[in-house]
Structure formats: C-alpha cells, structure tokens
Amino acid sequence: MRYNEISHFSHPQHKLKFEYTEVLFKCDGCKEVGIGSRYRCAACDYDLHLHCALPSPSFVHPFYTKCSFQFYARPPGTVERYCNACEKDVTGFMYHCKSCGFDLHPCCANLPVVLDDGDVKLYLYRKVSASCHRCGRKGRSWSYRSSCKKYNLHVACVKEMLVESWHDHQIMANNSNFGRGVNNNFNGGGKLETRIPKGTLQSYQKRSGNKGKMKKCSEMAGLAIQFVVSAVLGDPTTLIAGVVGSLISK
C-alpha cells in the first residue's frame, strides 16, 4: 500500500511525501541507490525507497524458506555484514535472520522473482551456472536469467555499474565546481548515466555470427538489462525501465 504522506521513525522532525523522480538518488535508510518512486523530505534532502519507508517487520524469502528475516534499522552486532543477494556491504536498513545469519538489503529482499513486460521475461535465481553478460563470470550473486536462457545478469554486477556511475558523476561534479564552493549532492546533478560498458554483450554477439540475429540479441539483452537495473533500484516498472533505458543509451 502506498500513502501520499507518511511519518517515519528515521526522520521524526518532518513528514515524508511520496514522489516520482527520474534522477538517481541515495536512500538515507539503506544507503543504496534508487530511482523512480520514493518518500522524500525536500527541506532536509532526505530520501527513502518505498521498501525502506514502508518495510515489513518480518518475511520469509522463497530462496530461504527455513529463515525468518526481521527488519533492522542498522546492522546488528559489531561484525561487518554483507547482503546475500548482491554481496555488497550492509550499512543501513536491512533484513536479518538470527538463526542463519543471512542478510538482505530491503530492495534486494523485494526483488521480483519474475520480471515480465510482455517481450522480455526474466527469472530470479539464487545461483546460475551460465556466464554473466557484464562480467563474463559464473556463479557469484543472485542473477536474473531470461526464459530463453541466453541472457544472464548478476545482481552484484548491476550494483557495481550503478556505483561506478555514481562515482563518475561525483568526480565530474567536483571538477566543474572546483574553486566555486558549490556543494553538489547526489540528487542535484541531473540524470546520471547507467551506461553498460562496451564489450558487455560482445562475447555472445561474436558467437551468434548472423548480423540480424546479433542485433536482435543485443536489443533483447538491452531490454533485460533495463528491467534488472530498474528492479535493483527499487522500482521494477515498465515506466522506470524506459527511463533507465534512455540513461543507458547515452
């Protein structure tokens, strides 16, 4: 359920309003990147993913049916923790299973098991033996794989791509504002690129041989990447996937 305005324990001084943005933002709850739907306090520049703003107190994940995940505002204990879905550090809001010790970012915990826009259907797997289209490696983190089993993308690789985009943007912003005393934060710099590195799809394209087939495979893989990126960002919708696609193509 979505509300136009909410009160949240992490930001008691002001209410947070629901809004939609086509600009990447950093969630102040889980400390991860987001896009699309969010709850925001404009006065304080405070943002939350929907999953972080309206978390479930507990849930059971289909990959870990014997686990009971509980919501935590901060990682428990003193040991550094990482997300079992994306293998990235957990530094803010999270879900934790006391009995197994597994951890999940809120957005990773809510990754759809199936992404389907009518043309592309992708399934979430805990482990996939096929190579990832971005890194070329097998195994690693959770992955999305197409129904035809030709396209595979690690959730971890999507996270790395977004972090690289973030850092590149910060460097450009710092260079452009050097000496001017301008503090250009993550939200203020316009749309960030989530460009897929050159060569990401080359290995499959070379194997296909046929140029027409190669183009079709590239297009389908591009659509798959758009939907996986939008899901990892916390808004797995056709609308936001189109926005992600425009960012990727730049």
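Residues numbered from 1 in each chain as written. Predicted model: local features only at pLDDT ≥ 70, side-chain atom pairs only at ≥ 80, totals over all residues. Heavy atoms only, no water.

Under an unreviewed UniProt entry, the name given to the protein is DC1 domain-containing protein, and the source organism is Rhododendron griersonianum.

Student: Hey, could you run me through the environment of His61 in this one?
Tutor: Within the secondary structure, His61 sits in strand S5 (residues 58-61). Taking the C-alpha atoms as reference points, His61 and Ala109, separated by 48 residues in sequence, lie 7.4 Å from one another. Apart from residues no more than four positions distant in its own chain, His61 is found in contact with Phe69, Leu104, Ala109 and Trp142. There is a polar contact of 3.0 Å between the side chain of His61 and the backbone nitrogen of Phe63. (Helix = DSSP H or I, 4+ residues; strand = E, 2+ residues; numbered from the N terminus. Contact = heavy atoms within 4.5 Å. Polar contact = N/O pair within 3.5 Å; in protein donor to acceptor, adjacent residues only side chain to side chain.)

Student: Help me out: how do you make sense of the pattern of salt bridges in this one?
Tutor: Close approach of charged atoms allows side chains with opposite charge to pair. One pass over the structure, following the stated rule, counts seven salt bridges. Of the charged contacts in the structure, one is a salt bridge between Glu5 and Lys15, with a shortest N-O distance of 3.9 Å. One end of the pair, Glu5, is in strand S1 (residues 5-6); the other, Lys15, is in the loop between S1 and strand S2 (16-26), and ten residues separate them in sequence. Assessed through its relative accessible area of 40%, Glu5 is described here as partly exposed. Taking the shortest distance from any N to any O, the salt bridge between Asp47 and Arg40 comes out at 2.8 Å. (Salt bridge = Lys/Arg side-chain N within 4 Å of Asp/Glu carboxyl O. Buried < 20%, exposed > 50% of the residue type's maximum accessible area, 1.4 Å probe, protein only.)

Student: In this structure, what is going on with unusual backbone geometry? I would like to understand it.
Tutor: Peptide bonds are, in most cases, trans, and in most cases residues other than glycine have a negative phi. You will see that Lys31, though not glycine, has its phi angle at about 70°, which is positive. Residue position: Lys31 is located in the loop between S2 and strand S3 (33-41). For Lys31, a relative accessible area of 34% gives the class partly exposed.

Student: What exactly am I supposed to notice about the sheet that holds strand S9 (residues 94-96) here?
Tutor: Within a sheet, neighbouring strands are paired by backbone hydrogen bonds and run either parallel or antiparallel to one another. The antiparallel open sheet is built from four strands, whose spatial order is S5-S6-S9-S10. Two strands in the sheet have a free side with no partner beyond their single neighbour: S5 and strand S10 (103-104). In terms of strand pairing, strand S6 (residues 64-72) meets S9 through three bridges, oriented antiparallel. Residue pairing across strands places Phe71 opposite Tyr95, the latter belonging to S9. (Pairing = 2+ DSSP bridges.)

Student: Whenever I open this one, the packing of aromatic side chains confuses me. Can you help?
Tutor: What characterises a pair of aromatic rings is the spacing of the ring centres plus the angle enclosed by the ring planes. Per the stated rule, a full pass over the model turns up eleven aromatic pairs. Ring geometry for Phe59 versus Phe69: centroids 5.3 Å apart, planes at 20°, classification stacked. Of the two residues, Phe59 sits in strand S5 while Phe69 sits in strand S6, which places them ten residues apart along the sequence. With respect to burial, Phe59 and Phe69 carry one shared label: buried. Ring-pair connections join several aromatic residues into one group, and the members of that group are Phe9, Phe59, Phe63, Tyr64, Phe69, Phe71, Phe93, Tyr95, Phe102 and Trp142. Over the ring of Phe25 we find Arg38, and its NZ or CZ is 5.1 Å from the ring centre. (Phe/Tyr/Trp six-rings, centres within 6.5 Å; stacked < 30°, edge-to-face > 60°. Lys NZ or Arg CZ within 6 Å of the ring centre and 35° of its normal.)

Student: I would appreciate a short explanation of the pairing of S3 in the present structure.
Tutor: When a strand is regular, its side chains alternate between the sheet's two faces. For S3, the buried fraction is high: nine of the nine residues fall into the buried class. Sheet topology note: the S2/S3 ladder contains seven bridges and is antiparallel. Bridging across to S3, Lys26 finds its partner in Val33. In sequence, S2 turns back onto S3 through a hairpin of six residues, with Lys31 there showing a positive phi of about 70°.

Student: Help me understand the sheet that holds strand S14 (residues 152-154) in this model?
Tutor: Ordered in space as S11-S12-S13-S14, the four strands form an open sheet in which the pairing is antiparallel. A strand with exactly one partner marks an edge of an open sheet, and here the two such strands are strand S11 (114-116) and S14. In this sheet, neighbouring strand axes are inclined to one another by 20° on average, regardless of whether the strands run parallel or antiparallel. Both S11 and strand S12 (residues 121-125) contribute to a ladder of three bridges, which runs antiparallel. (Axes fitted to C-alpha atoms, helices over the stretch in contact; angles between N-to-C directions.)

Student: I keep staring at the pairing of S2 and nothing clicks. Help me out?
Tutor: Note that S1 and S2 share two bridges and pair antiparallel. Within the sheet, the bridge partner assigned to Ile6 lies in S2 and is Leu16.

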